[in-house]
Amino acid sequence: MKNRFSISHYNFDSNLEREIIDNHRDYLSWPLVYFLNDQQTKYAYVGETTDVVKRMKAHSKTHNKKDLTAVNLITSDLFNKSATLDVEANLIRYINADGQYHLKNANLGIANHRFYQQKEVYWELFSDIWNELRTMGIVRHSLEHIDNSDLFKYSPYKSLSAEQVVSLKLILECLLDDATNVSLIQGGAGTGKSILAIFLFKLLKTNLDDFNFADFDEEDLELFELLKSVRAKYGELEMALVIPMASFRKTISKVFKNIQGLSPKMVVGPSDLAKNKYDLVIVDEGHRLRRRVNLGPYFKPFDDTCKALGLDESTASELDWILLQSQKSLIFYDRFQSIKPSDVLRSRYVALENSPSTRIETLKTQFRCRGGNEYVKLIHDLLDSKVDPINKFQSLEYECYLFDDIEQMVNEINRREQSDGLSRMVAGYAWEWISNKDKSAFDIVIGDIKLRWNSVAIDWVNSPKSVDEVGCIHTTQGYDLNYTGVIIGPELDYDFETKQLVIDKSKYKDKAGKNTINDIEILKEYILNIYKTILLRGVKGTFIYSCNDNLRKYLSQFIATRTTTEERPNLKIVDEPNRKTIPFYDLEIAAGSFSELQLVEDIRYIELDNAIHNQERYFACRVVGESMNKIIPNGSICLFEKYTHGSRNGLITLVEMTDFIDADFGSNYTVKEYSSKKITTEDNWRHEEITLLPKSTLDYTPIVLRDEETISLKVIGVFVKVLGF
């Protein structure tokens, strides 16, 4: 095998064909990926081809590619058609989110390709390609940094699910149907409503000539034909994306700023609609459109907009503004995220649903939360008091724990911020915002723990101080977090006699959220919707602390409890396996290799609360010492997934080293974060250096293995989570 890959830079000019033929004769009919760009204008285009000369000729004759001045050809003997499609799709996603270049690519035809050795070979290859592009100055940020960025999360360069494609077709058909004025897309938190809204906006604002038909499948062709019909009917659509919440609106405006063909001015608030009429208005978070109730300083702007539109302010709502100022409207809506009396009433949306000029589609698949629909159902059932205590929630893909100790939860969120980023504390509105006027004051005081509300209202999640503060519903709705620590305030409790959740209106501090409400059940619904929303922010996990003992006791029937280290119960260790067990290896007494350890006859097992899927993939070990205490407390029993293939970079791994004794373990094993550098030779590649990084509050030195030393290292497993003690 020759080099794993190479990146060759050329000027995009009349000499390019000759240079490609002279330098890449072996790749003229071989799949490759290319990156066209101009350093001055910062425009770029990513593509893949099996006929590079023909493709470059075509681009040189295309109007919107003529201003590009350079091309980088990415070649590899490992490439096949599926691999280049995958690398192309990943480059489009990550280069767009990196922010260095504005891509001229369209967003149709990007698919999640599944093929042989995709993870074990090609993701690591892509990571190496990305690192080389960073070395060349073409891209700036690491893949890990981009994964947590808003530009990546809300990028229009996504492959849509089958469910989203159906909704997209409905929307395009609605634009072509003179009898239909409204598309109402209903979906719960995390079902991809915002992604679909942004994808559609980019799709409708992309020149038809920019689409790469070579990558289209049958579904893409069907969508493209609908898109052409829409363009034929409307020409250049006058469009606006309406987002009611100012914080989320600012975030999406930043995303639009970095996308070719889009502009921050296209993202507007509801009152901006008075300035123009539109062919299409897309509304994200439609459940947060307002009516004239508890508006505070917004009363006057609301009345002025109603007056400008000729509407009666006493009966009109922002939903009426949408319908009046758009020929067609697309509204994304979740009734369980309506959180205060100023929100447009549910009855108004029911009337809209029943209108003959409305088409309705529902999104059900969970995209945000790795706990999937099972976790979403648990949260809804818990807060609707409709769940029976059969089994506690358990998932190897999602962490959900109840905490008895608020300090421990705060510390856990801080640890996750260190390891994963985007980990925040969020609470119900049960405390006054004192620190808004007195910066030295604390708002949330629970025992010895003193916390402050968010110091900024706009884009708080990404603000520098957010790690040390507590967000509320208004600063987190619409956002994704990796881990969320949710404080359920004293306004919500559980009554074991009635078997119902109850609220204390006096302890709910959002005046605009409770004034004018006389029916306690209506207020309860708003408060429960707040918690349904913030409990579904976490992508990787949610931690919960309840201020009220009864509510904590109720929740503990369904959610595993994390107590303090001293009080945490031991895991159940048994001698015989069953459908709920995984192997437990004691590395402290291990003398031989891990493969030998797995063969001992007196192996023991840990019994989990519930049976797990693919349990043969997992095992447990006790991690001793303080070298990983930011993430793994000393003495924890941890769950590992057996390592089989794929990149280890950035992952916490259990490794075996024949030439090294870990001082903590007293054996040939250690648990550290894995990082490696590779070197490419004429015939193969090898590790040049492997670094095993501690994550500790104490002063530990990284373990660095170079050249031949790397041969003695074997990755046994990848850390999943702490199980207990």
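The shown structure was predicted, so the numbers you read here are calculated from the model rather than taken from an experiment.

Definitions and cut-offs
Residues numbered from 1 in each chain as written. Predicted model: local features only at pLDDT ≥ 70, side-chain atom pairs only at ≥ 80, totals over all residues. Heavy atoms only, no water. Helix = DSSP H or I, 4+ residues; strand = E, 2+ residues; numbered from the N terminus. Contact = heavy atoms within 4.5 Å. Areas by Shrake-Rupley, 256 points an atom, 1.4 Å probe, with all protein chains shown as cover. Core = buried A, V, L, I, M, F, W, Y, C linked by side-chain atoms within 4.5 Å. Buried < 20%, exposed > 50% of the residue type's maximum accessible area, 1.4 Å probe, protein only. Salt bridge = Lys/Arg side-chain N within 4 Å of Asp/Glu carboxyl O. 1 Å grid on protein atoms, 1.4 Å probe; cavity = no way out; pocket = protein on both sides within 12 Å on 5 of 7 lines; lining within 4 Å. Points joined across faces, edges and corners; volume = space filled by probe spheres on them. Nonpolar A, V, L, I, M, F, W, Y, C, P; charged D, E, K, R; others polar. Pairing = 2+ DSSP bridges. Axes fitted to C-alpha atoms, helices over the stretch in contact; angles between N-to-C directions. Expected span 1.5 Å × (residues − 1). Right-handed = clockwise from strand over helix to strand, strands pointing away. Polar contact = N/O pair within 3.5 Å; in protein donor to acceptor, adjacent residues only side chain to side chain.

(A) Region of the structure containing the overall build of the protein chain. Within the protein chain one finds 20 helices and 31 strands. Intrachain contacts of the protein chain at a sequence separation of at least 6 include 73% that bridge at least 24 residues. For the protein chain, the accessible area works out to roughly 31100 Å², and carbon and sulfur atoms hold 47% of it.

(B) The arrangement of the nonpolar core in detail. Membership of the largest hydrophobic core comes to 142 residues, with the highest contact counts inside it found for Leu91, Leu204, Ile282, Tyr375 and Ile487. Sort the elements by how many residues they give to this core and helix α8 (residues 193-204) lands first, with 9 residues. In this structure, Leu204 is in contact with Leu172, Leu175, Leu227, Val230, Arg231, Leu237, Met239 and Leu280, ignoring residues within four places of it in sequence. In terms of nonpolar packing, the next biggest core, distinct from the first, is built from 19 residues, Tyr585, Ile632, Ile652 and Phe719 among them.

(C) View of the pattern of salt bridges. Summed over the entire model, instances satisfying the criterion amount to 34 salt bridges. With a shortest N-O distance of 3.0 Å, Asp575 and Arg604 are connected by a salt bridge. Of the two residues, Asp575 sits in the loop between β22 (572-574) and β23 (581-585) while Arg604 sits in strand β24 (residues 604-607), which places them 29 residues apart along the sequence. The class for Arg604 is partly exposed, based on a relative accessible area of 38%. In this structure, the salt-bridge partner of Lys695 is Glu673, at a minimum N-O distance of 3.8 Å. Placement of Lys695 in the loop between β29 (685-693) and β30 (703-706) and of Glu673 in strand β28 (residues 669-680) is noted, with a sequence separation of 22 residues between them. The structure contains a network of salt bridges with shared partners spanning Glu399, Glu412, Arg415 and Arg416.

(D) Broad picture of empty space enclosed by the protein. The full count for this structure, using the stated rule, is 4 cavities of 30 Å³ or more. In this model, the second largest cavity occupies a volume close to 50 Å³. In this structure, the second largest cavity is lined by Ile379, Leu382, Leu383, Ile488, Leu535, Ile544 and Leu555. Looking at the lining of the second largest cavity, its residues break down into 7 nonpolar, no polar and no charged.

(E) Geometry of the sheet that holds strand β20 (residues 538-546). Spatial strand order, β16-β13-β17-β20-β12-β21: 6 strands in an open sheet with parallel pairing. At either margin of the open sheet sits one strand with a lone partner, and together these are β16 (470-471) and β21 (561-562). Strand direction decides the pairing type here: strand β12 (residues 399-403) and β21, joined by 2 bridges, are parallel. Pairing of Leu402 across the sheet is with Thr561, part of β21. Contacts between helix α15 (residues 406-419) and the sheet are confined to β12, β13 (423-427), β17 (481-488), β20 and β21, with β13 contributing the most and set at about 145° to the helix.

(F) Looking closely at α8. The first and last C-alpha atoms of α8 sit 17 Å apart over 12 residues, in line with the 16 Å expected at 1.5 Å per residue. What α8 keeps buried is the set Lys193, Ser194, Ile195, Leu196, Ala197, Ile198, Phe199, Leu200, Phe201, Lys202, Leu203 and Leu204.

(G) Summary view of the pairing of strand β7 (residues 239-242). Going residue by residue along β7, you find Met239 and Leu241 tucked away on one face and Ala240 and Val242 tucked away on the opposite face as well. When β7 meets strand β9 (residues 278-283), the two strands line up parallel, connected through 4 bridges. Bridge pairing in β9 places Leu241 opposite Ile282. Inspection of the sheet shows β7 paired to strand β8 (residues 267-268) by 2 bridges, in the parallel sense. Each residue of the ladder has a partner; that of Val242, found in β8, is Val268. Considered for its hand, the β-α-β crossover made up of β7, helix α10 (residues 246-257) and β8 is right-handed.

(H) How the structure looks around the layout of surface pockets. When its volume is computed, the second largest pocket comes out at roughly 890 Å³. Mapped by element, the contributors of at least two residues to the lining of the second largest pocket are α10, α16 (473-476) and α17 (511-514). Taken together, the residues of the lining of the second largest pocket break down into 13 nonpolar, 7 polar and 5 charged.

(I) Representation of the sheet that holds strand β3 (residues 43-49). Here 5 strands make up an open sheet; going across it, the order is β1-β4-β2-β3-β5 and the pairing mixed. Edge strands, defined here as strands with exactly one partner in the open sheet, are β1 (6-11) and β5 (102-103). Sheet topology note: the strand β2 (residues 32-38)/strand β4 (residues 70-75) ladder contains 5 bridges and is antiparallel. Bridge pairing in β4 links Asn37 to Ala70. Packed onto the sheet, helix α1 (residues 16-23) meets β1 and β4 and runs at close to 150° relative to β1. The strands that helix α3 (residues 81-98) touches are β2, β3, β4 and β5; relative to β3, the one it contacts most, it runs at about 165°.

(J) Broad picture of the environment of Ser142. Secondary-structure assignment places Ser142 in the loop between α4 (118-135) and α5 (143-147). Sequence separation between Ser142 and Ser127 is 15 residues; the distance between their C-alpha atoms is 9.3 Å. In contact with Ser142, not counting residues within four places along its chain, are Trp130 and Arg134. Among the polar contacts listed, one links the side chain of Ser142 to the backbone nitrogen of His145, at a separation of 3.1 Å.

(K) Main features of unusual backbone geometry. Positive phi is not limited to glycine here, since Asn294 has a value of about 50°. Relative to the helices and strands, Asn294 is located in the loop between β9 and α11 (299-308). Residue classification places Asn294 among the buried positions, given a relative accessible area of 16%. Within the chain, Leu422 stands out as a residue other than glycine whose phi angle is a positive 45°. Looking at the element boundaries, Leu422 is found in the loop between α15 and β13. Judged by relative accessible area, Leu422 falls into the buried class, the value being 9%.

Any functional reading would require information that these geometric values do not contain.
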